[in-house]
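# Examination of the molecular architecture
As a plain string of letters, each chain reads:
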Amino acid sequence: MSLTKQRQLDLIETALGEKILNYLLNDDVIEIMLNPDTKLWIDTLTEGRKYTGTDILPSSALRIINLVSSAVETIVNKNNPILSAELPGTGSRFQGMIPPTVTNPIFTIRKKAIKIFTLNDYLERRSITEKQYLKVCQAVKDRKNILVVGGTSTGKTTFCNAIINEMAKYDNRIIILEDTQELQCSAKDVVFMKTTDKVTMRDLIKSTMRFRPDRIMIGEIRGGEALDLLKAWNSGHPGGICTIHANDCKSGLEKLEQYIQEVATGSQEKLIASAVDIIITIKKLGTKRYIENIMELKNYSKDYELFKID
Ligand SMILES: Nc1ncnc2c1ncn2[C@@H]1O[C@H](COP(=O)(O)OP(=O)(O)OP(=O)(O)O)[C@@H](O)[C@H]1O
Ligand SMILES: [Mg+2]
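Residues numbered from 1 in each chain as written. Chains lettered and ligands numbered in written order. Predicted model: local features only at pLDDT ≥ 70, side-chain atom pairs only at ≥ 80, totals over all residues. Heavy atoms only, no water.

## Some details on the overall build of the protein
A tally of helices and strands in the protein yields 9 helices and 14 strands. Relative to its length of 310 residues, the protein is compact, with a C-alpha radius of gyration of 20 Å against a globular reference of 19 Å. With respect to the principal axes defined by its C-alpha atoms, the protein has extents near 55 × 40 × 40 Å. Residues classed as buried in the protein amount to 48% of the 310 residues present. In the protein, 53% of the contacts between residues at least 6 apart in sequence involve partners at least 24 apart. Surface accessibility of the protein: about 15300 Å² in total, with carbon and sulfur atoms responsible for 50%. Side chains of the protein carry 43 positive and 39 negative charges; the gap between the two charge centres is 1 Å. (Helix = DSSP H or I, 4+ residues; strand = E, 2+ residues; numbered from the N terminus. Rg over C-alpha atoms; globule rule 2.2 N^0.38 Å. Buried < 20%, exposed > 50% of the residue type's maximum accessible area, 1.4 Å probe, protein only. Contact = heavy atoms within 4.5 Å. Areas by Shrake-Rupley, 256 points an atom, 1.4 Å probe, with all protein chains shown as cover. Lys, Arg positive; Asp, Glu negative; His and termini not counted. Charge placed at Lys NZ, Arg CZ, Asp CG, Glu CD.)

Now the structure itself:
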């Protein structure tokens, strides 16, 4: 590591302070959140979300955000008050925001998973039933396109990692597109790409097609890239996964339609029905995260033809 990088890391560590550093090291803590009222919250595996009793001054929070932004070579200011980055040296996802979009600087640090939960781990923890487990394995083997649906922090990305881990058993070239790198893949032939301020997810998907992908994954669908991804899945690159933020299967499909409408006329239900094969809904109840159901999407005529397959 260069001296400048090391110095940046040291400065960030000092700015974060002992309390936050300890939370970063504590395996039970999965998320660290600073609110505009200066209160620091954490989310833990064993107890869920709680206020830490610690307050972080707005000036300290601003310093942290500025240091992270300069480490990733972007600028945060009142015209560009949002920062999405990886917290250097940790691989954690860092999302920061400064006034005027909030009253005081805030950030949320989503820690990188310490280990990949495999589908077997889900089975052992009874987060997935045996039947669901077999259906997911079969869907991966058959190169079905899988949409993982769930609310905030339900475990969509973690479950995607479990599916990708299963996928690595097959000899495919995998391309993974994300805004910040959260997905992990043990396959030998894998390419990771990340969006930047100037390169959008739509740009990445278009470019991906020239990198000879077998399977294409997107961390999270959030806009018009939904259209490009479904077209890619539909045109000789099946066997992908993506996550979408919605509470159930039907709302996940409606969300896809809305995203497609941002860039095309019509909601393209037929394209959705032919590109998406399997929809897996994840739920969070207290601190427990589990697979609620698995639906197969067969067709669209008047409405989506969905069949529960678990
Ligand atoms: N099955 C699980 N067992 C234990 N911890 C889990 C499980 N699934 C997720 N987690 C933890 O919960 C946190 C949130 O998980 P994850 O990032 O997968 O959620 P998400 O639904 O993708 O969130 P977001 O909506 O922010 O993208 C992570 O810190 C992760 O390690
Ligand atoms: Mg996620």
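## Quick word on the environment of Thr 14
Along the chain, Thr 14 falls in helix H1 (residues 3–25). Relative accessible area serves as the criterion here: at 63%, Thr 14 is assigned to the exposed category. Through-space distance from the C-alpha of Thr 14 to that of Ile 64 is 9.1 Å; in sequence the pair is 50 residues apart.

## Describing the site of ligand 1
Near ligand 1 lie 18 residues; those nearest to it are Arg 110, Gly 155, Lys 156, Thr 157 and Thr 158. In the model, an oxygen atom of ligand 1 is placed 2.6 Å from a nitrogen or oxygen of the Arg 110 side chain. Separating an oxygen atom of ligand 1 from a backbone N or O atom of Gly 155 is a distance of 3.0 Å. Considering each element in turn, the shell around ligand 1 owes the most residues, 3 residues, to helix H5 (residues 156–167). Of the residues in the shell around ligand 1, the class split is 4 nonpolar, 8 polar and 6 charged. For the shell around ligand 1, the domains that each give at least three residues are domain 1 (3–110) and domain 2 (119–308). (Near = heavy atom within 4 Å. Polar contact = N/O pair within 3.5 Å; in protein donor to acceptor, adjacent residues only side chain to side chain. Nonpolar A, V, L, I, M, F, W, Y, C, P; charged D, E, K, R; others polar. Domains from an automatic or database assignment.)

## Remarks on H5
Each full turn of the α-helix corresponds to 3.6 residues, which orients residues three or four apart in the same direction. Between its terminal C-alpha atoms H5 stretches 16 Å, which fits the 16 Å expected from 12 residues at 1.5 Å a residue. The element H5 is largely enclosed, with a buried count of 9 among its 12 residues. Within H5 the residues assigned to the buried category are Lys 156, Phe 159, Cys 160, Asn 161, Ala 162, Ile 163, Ile 164, Glu 166 and Met 167. (Expected span 1.5 Å × (residues − 1).)

## Quick look at the pattern of salt bridges
Under the definition given, this model contains 16 salt bridges. Linking Asp 43 and Lys 284 is a salt bridge whose minimum nitrogen-to-oxygen distance equals 3.9 Å. Here Lys 284 lies in strand E12 (residues 278–285) and Asp 43 lies in strand E2 (residues 39–44), a separation of 241 residues in the sequence. Judged by its relative accessible area of 31%, Lys 284 falls in the partly exposed class. The partner of Asp 214 in a salt bridge is Arg 212, and the shortest N-O contact between them spans 3.1 Å. Look at Asp 214 and you get buried, because its relative accessible area is 17%. (Salt bridge = Lys/Arg side-chain N within 4 Å of Asp/Glu carboxyl O.)

## Comments concerning the UniProt feature "domain: Bacterial type II secretion system protein E" (unreviewed entry) in the protein
Mapped onto this numbering, the UniProt entry annotates "domain: Bacterial type II secretion system protein E" (unreviewed entry) at residues 25–281. From the first C-alpha to the last, residues 25–281 spans 31 Å; its make-up is 32% helix and 26% strand. (UniProt positions renumbered as here; feature names shortened; annotations may be inferred.)

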